[in-house]
Amino acid sequence: MTDAAVPVTQSTVESFTARYLRSLGCQIDIRDNEWQVTIPEDVETDLPKGQHNLLCDTVKDPDETHDILNPESSFFQSVLDDASDRVPLGSIKVSTTDTDILVPDWLQESPVSVSDINFTPYYDRSALVILFQVSVETVSEYQQEFLRSIGIDTRSNEILPNLDETFLTLTQSEAATVTSDDFTVEPEQAERLVDVSREPLLSDMQPQIDEIHQEASRAADAELEEYRQLQRQREEEFETKITRLRSKIGELNESIENRNQTERVEALKERRECKSKLEEVETELKALRHHREQGYPDQQHEIRERHGLEVVVTPVTVTEVEYERGDAEFELTDGNSTASLTLGYGSGVGVTEEVDCDTCNQPLSRENQLRSLTNGIQCGSCGSQ
Amino acid sequence: MGDYDLVDIEVTHEDADEVGGRLVVDPPDEQHLHSIQAVRLQAGQPDSELRSLKQLDENSVKMLEHQVDAAYRALFEMDGKALLADEVGLGKTIEVGMILKEMHFRETNDSVLILTPAQLAKQWQAELREKFGLEFVCNYDNNFNGFDSHDYIIASIDTAKSNRYRQAVLRRDWDVLVLDEAHYVKNEETDRYELIDQLTYNYAFFLTATPIQNELTDLYNVVSLLRPGLFGTRDVFHQYFINSDQETLVNRNELQDRLNKVMIRNRREDTDVDFTERRVDTRKFDPSPAERELYQAVSDYVKGAYSQDQGQKLVLMLLQKEVVSSPEAFETTIRKRLDDQSELAQTEELESIIDLIENIDTVTKQERLLDIVEEARENVEKGRVVVFTQFRATQRRVAERLASEGYTVHSFHGGHSSQEKEEIIESFEEQGGILVSTDAMSEGRNAQFCNILVNWDLPWNPMRVEQRIGRIHRIGQKRQVYVFNMALKDTVEEYVLERLYHKIDLFQQSVGELSEILTRLEESGKSFEDEIFERLVNANSEVDLENDFDAMAVDLQEQRDLAEKLEEFNSGVFEGFDLGASDD
């Protein structure tokens, strides 16, 4: 799985916009930084028809008659929106002539060098490369969007880790041979393969999601703590109020004894009001304390729910990739000995079978490189002994 | 950190059948490729270069790599919420200037509020105008009509939190908030903290060289204002990052990871900021008997008048400053005062002062200036000299006298248009000679092609002095810089120079270091100029006066020591932290 996003430079913006508009049948007249674009009425597009005057990479505020064309400009965003969902299904062929032979991981940092490689293709296979948009949203962070590619063999459902990278490299080129209407995989099968890809995709993205998850959880916790403090403050205010009311009631009790009839009635009335207020405040305080003892379950629930992460996984393009399978013969040398290894291989996919150490039978890998050929194939642990 | 519960995650899978695209009959082959490329471009980060930098005039501001990096990271990697915590003297204001310029270019700054300590507000305004062409109104401007009447405001934080303005400040949704000397909001129980906490804004840039003032919790408070929740709750921060004796950080890697999301700290040793040597030569001269008599009479008058009416403080302060600058500077003010005066007793006193002015035949400083200029011309190649005075009348007199001696003289003051100011500096550079300038030049106009400066008189605000020196002693100055201070013996100038400025080593301080010292002083509610004036008029004897100034120097020294200690402490805490931008 590979990050499929590409940096949006001014030159990419200009080159993509020109190619896309021309492919739609628009006319573009370019004079230095100023483009005159005509989108004919009969072109099927959501872009506004008619004539547009575009200023590229401008440092001036444009007047009303011009639009800007730069990475953030609304014109360019409309072009991307229009292009992205136009033809999301298509196909591409990956042959050995388009790609370099991929050296397996276990040879990349090995003291054993490759003197020659020959690939003999036997048959064609097909795979899907799917671009997934993954958006992660929480209230405490800006929405984060990722674009990931994944390659999956249509027959074996095997994830092909190198194929999507090869695909991304090929499709970055303007000259890539991609077809738009040659998608032969049945819709149900394509849908099933997309579904099978989701789990490995998410597990590959787990570290990024975990990080956002931790941040959101911390933010929720901080908000909850603030709420607790606020409630504690309210309790203190109520406690002060209760003390004040009690002392007022005490004072009124005394004054009731010593006053004349009219004043006594007034004082009694006031005492009744105070007592009722006291009761009210005590009830509220009791409720606050009760909530605190319970740990504010409703609030906890509400805050945590609000800070919850929403991960949305959307397949955005699906490309059928036809690739070749066969055998690749690797001529190897470690300085003292030479060996020839014939391994299953796919164009754009790389070596498709595992190679074990002849001594310990452990598979060779990025972590366990081929060390020596002197006593057969020997891994890092065995070859150094 | 496992001290909190994790919130829930809800995963939604959108159906694959949505990937149908619009109904395009027989699409051209390249259109699937376009869809793939468009999707990838949509997911990519926009080309986030600082585009407005092309518009900046290199003569007005020289941007250093670390400053451009900081502005870039604050804007694009920190989503416009950043704590700029470079060490002192590395140009945090420039970084904010670049950020604001870029936001202005991208039209994301409809309303900007810059909060600073009171004495730095005007300086911010001048720097943003001169270096970045950004116009802000300051709360000390006559045309300031409140926080709801302007969109670009620089204000003292204490003005903003005052009862008069607080509601108006809080009522608005600000696009950008800039908080200078952010360590002054470290304490969550203060009105300042509450104000920042309650302000509504989309982007915020906080500046401080010392995020930690007293204890490590300060860092929590400042960062939490910018990015609430980044450190979780106060308790969790304490338990997880601070050891029990409250003095050192633990779990530094985790803290660094979190801080990297919000804080940028450049260290001097990692930058290419390098200044040439500065040599300071203070020359004190005996005033002539007539000058001495005038000084004494004016001082007595100021003292007497102030004891009767403290409301006239500003004009009396002005008189006390002018009398040591030149008789011309002083005479205009005293005559105006005489015209306004109704009381007979004072009229007589003022008349007699005017008589004393008329007794002065020779102005001592004038003669001594010729010595300095001649010396400079003989000893320094391309010995261009800038002479600074606070007063226009003095400027005229000095310029005329120098011209009469045959020197090429240029005059610079606030009355010139921007265009004229440019032309004056240009002809000074081309023709050489002497530039006689008021403090109007001390903001913004740079003359690093010149390396000799004369302080004809001395402002009572140390920041002004440094601003003067900063015109020539700045990045780009390749030669040693000579600063000559002129002072008359036994006058307030001598006290200010000897007792205050030399004690705090003012002439060797950078603007950043000075602002730290002065802001700390201001924290205790005192204005530097007021302090000087009060001491001058309230002393009962010469000895009292000396003691008073010594006490003020001790205060300053303490603030300076504190500022240095804090800087060292912060360096210690952040030592080993790689808080700069990563190359990969």
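Provided above is the structure to which this section pertains.
Below you will find a few notes about this structure. (Residues numbered from 1 in each chain as written. Chains lettered and ligands numbered in written order. Predicted model: local features only at pLDDT ≥ 70, side-chain atom pairs only at ≥ 80, totals over all residues. Heavy atoms only, no water.)

**Thoughts on the overall build of chain B**
When you go through chain B residue by residue, the secondary structure sums to 22 helices and 14 strands. Counted over contacts in chain B with a minimum sequence separation of 6, partners at least 24 positions apart contribute 75%. Total accessible area on chain B is roughly 24900 Å²; 41% of this is exposed by carbon and sulfur atoms. (Helix = DSSP H or I, 4+ residues; strand = E, 2+ residues; numbered from the N terminus. Contact = heavy atoms within 4.5 Å. Areas by Shrake-Rupley, 256 points an atom, 1.4 Å probe, with all protein chains shown as cover.)

**A word on the interface of chain A and chain B**
Each partner contributes residues to the interface: chain A has 82 residues there, and chain B has 61 residues. Scanning the region where chain A abuts chain B turns up two salt bridges. Residue B:Lys261 pairs with A:Glu215 through a salt bridge whose shortest N-O separation is 2.2 Å. Taken together, chain A and chain B are joined by 27 residue pairs in polar contact (both at pLDDT 80 or more). Considering each element in turn, the side of chain A that touches chain B owes the most residues, 13 residues, to helix H6 (residues 206-258) of chain A. (Salt bridge = Lys/Arg side-chain N within 4 Å of Asp/Glu carboxyl O. Polar contact = N/O pair within 3.5 Å; in protein donor to acceptor, adjacent residues only side chain to side chain.)

**Thoughts on the sheet that holds strand E9 (residues 278-285) of chain B**
Residues and elements named next belong to chain B. Pairing within the open sheet is parallel, and its six strands lie in the order E9-E14-E13-E10-E12-E11. The open sheet has two edge strands, E9 and strand E11 (409-412), and neither has a second partner. Across the sheet, the mean angle separating the axes of adjacent strands is 20 degrees when strand polarity is ignored. As judged from the four bridges shared by strand E10 (residues 385-388) and strand E12 (residues 434-437), these two strands associate in the parallel manner. The partner of Val-386 across the bridge, within E12, is Leu-435. Docked against the sheet, helix H15 (residues 364-379) engages E9, E10, E12, strand E13 (452-455) and strand E14 (481-488), running at close to 165 degrees with respect to E14. Here helix H19 (residues 492-501) sits on the sheet in contact with E9 and E14, set at roughly 140 degrees to E14. (Pairing = 2+ DSSP bridges. Axes fitted to C-alpha atoms, helices over the stretch in contact; angles between N-to-C directions.)

**Focus on the nonpolar core**
Residue and element names in this part refer to chain B. In this structure, Leu-294, Phe-330, Leu-500, Tyr-501, Phe-507 and Ile-532 are the most contacted members of the largest nonpolar core, which totals 63 residues. Here this core takes eight residues from helix H11 (residues 289-308), the largest share from any one element. Non-local contacts of Leu-294, meaning those with residues more than four positions away in its chain, are made with Val-323, Phe-330, Ile-353, Leu-356, Ile-357 and Ile-360. Ranked by size, the runner-up nonpolar core spans 47 residues in total, among them Tyr-165, Ile-212, Phe-231 and Ile-242. (Core = buried A, V, L, I, M, F, W, Y, C linked by side-chain atoms within 4.5 Å. Buried < 20%, exposed > 50% of the residue type's maximum accessible area, 1.4 Å probe, protein only.)

**Regarding the environment of A:Ser156**
Residue and element names in this part refer to chain A. Here Ser-156 lies in the loop between strand E8 (144-153) and helix H4 (163-172). Given a relative accessible area of 40%, Ser-156 falls into the partly exposed group. Measuring from C-alpha to C-alpha, the distance between Ser-156 and Ala-127 comes to 9.3 Å, with 29 residues separating the pair along the chain.

**Considering a negative patch on the surface**
Where like charges cluster on the molecular surface, the negative patch consists of A:Glu137, A:Glu145, A:Glu305, A:Glu310, B:Asp8 and B:Glu10. Along the chain, A:Glu145 falls in strand E8. (Patch = residues over 30% accessible without salt bridge, like charges linked within 9 Å, V, L, I, M, F, W, Y side chains within 5 Å. Lys, Arg positive; Asp, Glu negative; His and termini not counted. Charge placed at Lys NZ, Arg CZ, Asp CG, Glu CD.)

**Quick word on the packing of helix H3 (residues 92-105) of chain B against helix H4 (residues 121-132) of chain B**
All names here are of chain B. Relative to each other, H3 and H4 sit at 60 degrees, their axes nearing to 10 Å. Of the possible angle classes, the one that applies to H3 and H4 is oblique. H4 is crossed by H3, and the crossing has right-handed handedness. The residues of H4 that touch H3, namely those facing Thr-93, Ile-94, Val-96, Gly-97, Met-98, Leu-100 and Lys-101, are Trp-124, Glu-127, Leu-128, Lys-131 and Phe-132. (Parallel < 35°, antiparallel > 145°, perpendicular 65-115°, else oblique. Left-handed = near helix turned anticlockwise from the far one by under 90°.)

**Brief notes about the packing of aromatic side chains**
All names here are of chain B. In total, this model carries 14 aromatic pairs over all chains according to the counting rule given. Both rings, one in Phe-136 and one in Tyr-152, keep their centres 5.8 Å apart while their planes meet at 80 degrees; by these two values the pair is edge-to-face. Here Phe-136 is found in the loop between H4 and strand E4 (137-138), whereas its partner Tyr-152 is found in strand E5 (residues 152-156), with 16 residues between them in sequence. Through a chain of ring-to-ring contacts, three or more aromatic side chains come together here, namely Phe-144, Phe-147 and Tyr-165. Taking NZ or CZ as reference, Arg-172 lies 4.4 Å from the ring centre of Trp-174, over its face. (Phe/Tyr/Trp six-rings, centres within 6.5 Å; stacked < 30°, edge-to-face > 60°. Lys NZ or Arg CZ within 6 Å of the ring centre and 35° of its normal.)

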